[in-house]
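Here is how the chains run, residue by residue.
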Amino acid sequence: MKFSHHDPLEWIEAELATLARRGLRRQLRTHAGPQQVRLQMGGRELLNFGSNDYLGLAADPRLIAAAARAADEEGWGAGASPLVTGHSAAHRRLEERLADFEGTPAALVFSSGYAANISTICALVGRGDAVYADQKNHASMIDGCRLSRAEIHVYPHRDPDGLQTLLRQSAGFRRRLIVTESVFSMDGDLAPLGELAELAEHYDCMLLVDEAHATGVFGSLGRGLAEQLGVESRVPIRIGTLSKALGCAGGFVCGSQSLIAWLVNRARGYVFSTAPPPAASAAACAALDIVCDEPWRRVKLLEQAAMLRGRLREQGWNVASNASQVIPLVVGEAGRAMRLADRLCTAGLLVPAIRPPSVPEGESLLRISLSYAHTPEMIGQLVVALGAVREALEYE
Ligand SMILES: *Cc1c(COP(=O)(O)O)cnc(C)c1O
């Protein structure tokens, strides 16, 4: 008998070609050296407006020294999942430090924010339960909701009335959970946490808030938007990431002792995954110290963001005046976003084009993320280049 040698993975090349045709194929671009506002990429130096290293900590010598010291003392690999033999003194110190920083009884560290979201949502709801999710939630929350097998109700972006309608219409579930970001990752706008907390209380729902882009940036103590809005005690499940403003890696959940004990038992991304390197926890502790000791970093960052938003509005971009350090310039179709990003790249600026599936079809955008480390001159250079892009758009 003769077998034909058909390649069962042949379809992949065809699918990749389709992505390329639609302007949606993504390519890795590798940079040399550390993650900084001047980034070495493709043999050139680009001004980096694409990183989530909002406080300029990713290459801070204090983080590097803390990691090196811990690696010396505790080695590199964690060796096992936390419940087996992987939970080291450095992990414990970070979890205590995080609980202290966030003002909650307990905290738990995951290897990524993605894992924290998926695992926590799945540990809180399942079949017979319901989740209520903002339409623009991050993929990690969407995936968590889907994987949980709870019934999913999507409410319009930042719309408490829309949420209330859904909450009224659906009842009879065992448990209900509202999930939202605080600062939305692609649009940089803010969730109405006070109204959401009120609905959660009124309709007896759990409330989970993902502060990935707000940790270290918002609030007078840098805990996030819930702190800034004075609603921390009304958000029982707070998720954050160490990988953005803190310049490290990993995700965390903070809340009550019983919430954390439940996650230690039931969060699959915690139970079935090797603990992160202990040295990474030491670096995160050093980053938290900086967030506490150097509040001017977040103050300057948000001032610069407000100023840039104003200048972009003067150029005719549709940019909200009062929001976060993440500034989206919506340009429409994916190919156009790519062309504009290429043009900025030629001018020495790295501003990522964000395309579906990160944003809805037809809403591709240039995503500017500011850092404390950007100087006024760098921001000036960005404004000039975006002015030229704006004019080019008008003639397209
Ligand atoms: C980046 C991000 C995450 C994932 O965090 P990682 O630590 O990068 O895995 C989770 N939620 C939101 C809203 C994010 O933007």
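Criteria and thresholds
Residues numbered from 1 in each chain as written. Predicted model: local features only at pLDDT ≥ 70, side-chain atom pairs only at ≥ 80, totals over all residues. Heavy atoms only, no water. Pairing = 2+ DSSP bridges. Helix = DSSP H or I, 4+ residues; strand = E, 2+ residues; numbered from the N terminus. Axes fitted to C-alpha atoms, helices over the stretch in contact; angles between N-to-C directions. Contact = heavy atoms within 4.5 Å. Phe/Tyr/Trp six-rings, centres within 6.5 Å; stacked < 30°, edge-to-face > 60°. Lys NZ or Arg CZ within 6 Å of the ring centre and 35° of its normal. Buried < 20%, exposed > 50% of the residue type's maximum accessible area, 1.4 Å probe, protein only. Domains from an automatic or database assignment. Buried area = accessible area lost by both parts, 1.4 Å probe. Salt bridge = Lys/Arg side-chain N within 4 Å of Asp/Glu carboxyl O. Polar contact = N/O pair within 3.5 Å; in protein donor to acceptor, adjacent residues only side chain to side chain. Nonpolar A, V, L, I, M, F, W, Y, C, P; charged D, E, K, R; others polar.

Section: the sheet that holds strand E9 (residues 237–241)
Part 1 of the argument: Taken in spatial order, the seven strands line up as E4-E10-E9-E8-E7-E5-E6 in an open sheet, and their pairing is mixed. Edge positions in the sheet fall to strand E4 (106–110) and strand E6 (151–155), since each of these pairs with one other strand and no more. Across the sheet, the axes of successive neighbouring strands diverge by a mean angle of 20°, strand direction being ignored.
Part 2 of the argument: Sheet analysis places strand E7 (residues 176–181) next to strand E8 (residues 206–210), joined by five bridges and oriented parallel. Within E8, the position partnered with Val179 by the bridge is Leu208.
Part 3 of the argument: Packed onto the sheet, helix H10 (residues 257–266) meets E4, E9 and strand E10 (251–255) and runs at close to 140° relative to E10.

A look at the packing of aromatic side chains
Part 1 of the argument: Here the structure, examined in full by the defined rule, presents one aromatic pair.
Part 2 of the argument: Taking the ring centre of Tyr372 as reference, the NZ or CZ of Lys300 above it sits at 4.6 Å.
Part 3 of the argument: A cation over a ring is seen here: Arg390 above Trp317, with NZ or CZ 5.0 Å from the ring centre.

Structural notes on the side chain of Glu102
Part 1 of the argument: Tracing the sequence through the fold places Glu102 in helix H4 (residues 89–102).
Part 2 of the argument: For Glu102, a relative accessible area of 2% puts it in the buried group.
Part 3 of the argument: When residues no more than four places from it in sequence are discounted, the contact partners of Glu102 are Thr215, Arg223, Glu232, Arg238, Phe252 and Cys254.

Thoughts on the domain arrangement of the chain
Part 1 of the argument: Looking at the chain, the domain boundaries give domain 1 (32–54 + 295–394) and domain 2 (61–293).
Part 2 of the argument: Summarising the inter-unit geometry, the C-alpha centres of domain 1 and domain 2 are found 27 Å apart.
Part 3 of the argument: For the pairing of domain 1 and domain 2, the buried interface totals around 1,600 Å² over both sides, and the portion due to carbon and sulfur atoms is 55%.
Part 4 of the argument: Three residues, Asn52, Tyr54 and Arg298, lead the burial of domain 1 against domain 2; their summed loss comes to 32% of the area buried on that side.
Part 5 of the argument: At the boundary of domain 1 with domain 2, the tally comes to one salt bridge.
Part 6 of the argument: Inspection of the region where domain 1 meets domain 2 yields eight residue pairs in polar contact (both at pLDDT 80 or more).
Part 7 of the argument: Listed by contribution, the elements that provide at least two residues to the side of domain 1 that touches domain 2 are helix H13 (296–314), strand E11 (326–332) and strand E14 (364–369).
Part 8 of the argument: Sort the elements by how many residues they give to the side of domain 1 that touches domain 2 and H13 lands first, with six residues.
Part 9 of the argument: Its residues assigned to classes, the side of domain 1 that touches domain 2 shows 11 nonpolar, four polar and six charged.

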